[in-house]
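What follows is each chain in one-letter form.
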Amino acid sequence: MLQDKRILLILTGGIAAYKGLDLIRRLRERGAAVTPVLTRAAEQFVTPLSVSALAGEKVYRDLFDLTDEAEMGHIQLSRSADLILVAPATADIIAKMAQGRADDLASTLLLATDTPVMIAPAMNVRMWDHPATQRNLAQIAKDGVSVVGPNDGDMACGEYGPGRMSEPLEIVAAVETHFGPKPLAGKHVLVTSGPTHEPIDPVRYIANRSSGAQGAALASALVSLGADVTFVTGPADVAAPAEARVVPVQTAQEMKAAVDAALPADAAVFAAAVADWRVARASGRKLKKSKDGLPVLEFAENQDILAGVSQMTKGRPGLVVGFAAETDDVEAHATAKRARKGCDWIVANDVSPETGIMGGSENAVILITEKGADPWPRMSKAEVAKRLAQRIADALT
Ligand code: CTP
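Please read these numbers as outputs of a predicted model, since none were measured by experiment.

S.K.: Teacher, can you tell me more about the site of the ligand here?
M.R.: Within the structure, the ligand sits among 15 residues, and Phe270, Ala272, Phe323, Lys337 and Lys341 are positioned closest to it. Separating an oxygen atom of the ligand from a backbone N or O atom of Ala272 is a distance of 2.7 Å. Phe323 has a polar backbone atom sitting 2.8 Å from an oxygen atom of the ligand. Considered on its own, the ligand offers 580 Å² of accessible surface; in the complex 78% of this is hidden by protein. One can see that the ligand is located within the second largest pocket. Contributing elements (two or more residues each) for the shell around the ligand: helix H12 (305-310), strand E16 (319-326) and helix H13 (330-341). The element contributing the most residues to the shell around the ligand is E16, with four residues. By residue class, the composition of the shell around the ligand is eight nonpolar, two polar and five charged.

Here you go:
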């Protein structure tokens, strides 16, 4: 799949650089040509000799190496590739990329290029979580850089958490997706995701157990197929995909307004677990315990966003997809929901606690369309997202 693709692989200085060696092999096995670049710090972890032996190419190391400049200037080097891959990408190179600094060969190449750039971050969990790193990542994502991982796990430094570089095969999969077909190019897809928070008073709210994982995975999968994605998300546990246009909201009413503002769209997918009810009159002040008795909450029904969009008479998206979270008679309830709301498809899942689906990493869905019910085997939410994105692409093209 990577036949004849030219990848400029920049290895920066992290313990994960050893995985960079395997990455070179995996990329070459698939037919890619890999031109390696090492930073000074990377040379502390892997040797130029092993890198060039695996790549079968010269290793570029120094901005002021005149032989290199004579053979191939750094500008040309940065532009001759189909993709620049930075793996591992340290907090330092990410900071340099965010600021546009160019004080060594790697950072200069990244600044001089108009080639797509993908990074696989690897760093200590505290460094990853640091607001400066997150700010820099948001900046480079906005600049068009795509980000693979990192994964959660044990770290070389003995801590646990996000910051482990993705495995070589995960990075290869992202590279293959990058070069893969883009059937949704030019299509605007709206995705709602996550729970909503309905305030009771300034410090309390009503919520639900949705993590937002399925919606976020779906938005990523749609982006991978080339879609222009607007991602309207309630307060979720998982990060929103950086390449989407992210609109954060709190309440169902805010979500409805954000959806209205994002239309028109070619397709709209409603993965959010929207609260059916809000507190009719949320208190402007914190409710206090009182001898006069317990507070009584009166509810008002939230507008059904999915039904509203499904039943638009003008400007309705060409494809409207709802989700159904059910605990019993999944297929029957979801089929009835499809008819009642007027959407084209319903993705139904069983959210009984024993399934571990809500808040978990797997999903078992039944796709309900005009043709009937199609049960999918249990698989990861990422896999469900990929399949559903492909089905959406098939329907729109
Ligand atoms: N939904 C929505 N706006 C709402 C409520 C739900 O857009 N106010 C969407 C959800 O995003 C999901 C679908 O409707 O795509 C199904 O939601 P669900 O809560 O399962 O259905 P309900 O309408 O609550 O029906 P029931 O009470 O019968 O479960």
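Right, picking up where we left off after that structure.
S.K.: Looking at this structure, how should I read the layout of surface pockets?
M.R.: To find leftover empty space, a probe the size of one water molecule is rolled over the atoms. In this structure, the second largest pocket occupies an estimated 1000 Å³ of space. Around the second largest pocket, the lining is made up of 41 residues, and of these Ala272, Ala273, Val274, Asp276 and Ala325 lie nearest the centre. Elements with a minimum of two residues in the lining of the second largest pocket: strand E8 (188-193), helix H10 (213-224), strand E15 (299-301), H12, E16 and H13. Across the lining of the second largest pocket, the residue classes break down as 20 nonpolar, 14 polar and seven charged.

S.K.: What am I meant to see in the nonpolar core here?
M.R.: General note: in soluble globular proteins, nonpolar side chains tend to be found buried as a group. The biggest cluster of nonpolar side chains holds 34 residues, and the ones touching the most others in it are Leu222, Val229, Val269, Leu388 and Ile392. Contributions of two or more residues to this core are made by E8, H10, strand E11 (228-233), strand E13 (267-270), E16, strand E17 (345-350), strand E19 (365-369) and helix H14 (381-396). Non-local contacts of Val269, meaning those with residues more than four positions away in its chain, are made with Val189, Leu190, Val191, Thr192, Leu218, Val321, Phe323 and Ile392.

S.K.: Looking at this structure, I do not really get the packing of aromatic side chains. What am I missing?
M.R.: The geometry of two aromatic rings is summed up by the distance between their centres and the angle between their planes. Summed over all chains, the structure comprises zero aromatic pairs. Between Arg387 and the ring centre of Trp376, over which it is positioned, the NZ or CZ distance is 5.1 Å.

S.K.: What am I meant to see in the sheet that holds strand E5 (residues 146-147) here?
M.R.: The strands that make up a sheet are held in pairs by hydrogen bonds between backbone atoms, and each pair lies either parallel or antiparallel. Strand order across the open sheet formed by five strands is E2-E1-E3-E4-E5, with parallel pairing between neighbours. Whereas interior strands pair on both sides, the edge strands pair on one side only; in this sheet they are strand E2 (33-38) and E5. Where strand E3 (residues 83-89) meets strand E4 (residues 117-121), four bridges bridge the pair, whose relative direction is parallel. Residue Val86 lies in a different strand from E4, and its bridge partner there is Ile119.

Rules used throughout
Residues numbered from 1 in each chain as written. Predicted model: local features only at pLDDT ≥ 70, side-chain atom pairs only at ≥ 80, totals over all residues. Heavy atoms only, no water. Near = heavy atom within 4 Å. Polar contact = N/O pair within 3.5 Å; in protein donor to acceptor, adjacent residues only side chain to side chain. Areas by Shrake-Rupley, 256 points an atom, 1.4 Å probe, with all protein chains shown as cover. 1 Å grid on protein atoms, 1.4 Å probe; cavity = no way out; pocket = protein on both sides within 12 Å on 5 of 7 lines; lining within 4 Å. Sits in = over half its atoms within 2 Å of the grid points. Helix = DSSP H or I, 4+ residues; strand = E, 2+ residues; numbered from the N terminus. Nonpolar A, V, L, I, M, F, W, Y, C, P; charged D, E, K, R; others polar. Points joined across faces, edges and corners; volume = space filled by probe spheres on them. Core = buried A, V, L, I, M, F, W, Y, C linked by side-chain atoms within 4.5 Å. Buried < 20%, exposed > 50% of the residue type's maximum accessible area, 1.4 Å probe, protein only. Contact = heavy atoms within 4.5 Å. Phe/Tyr/Trp six-rings, centres within 6.5 Å; stacked < 30°, edge-to-face > 60°. Lys NZ or Arg CZ within 6 Å of the ring centre and 35° of its normal. Pairing = 2+ DSSP bridges.

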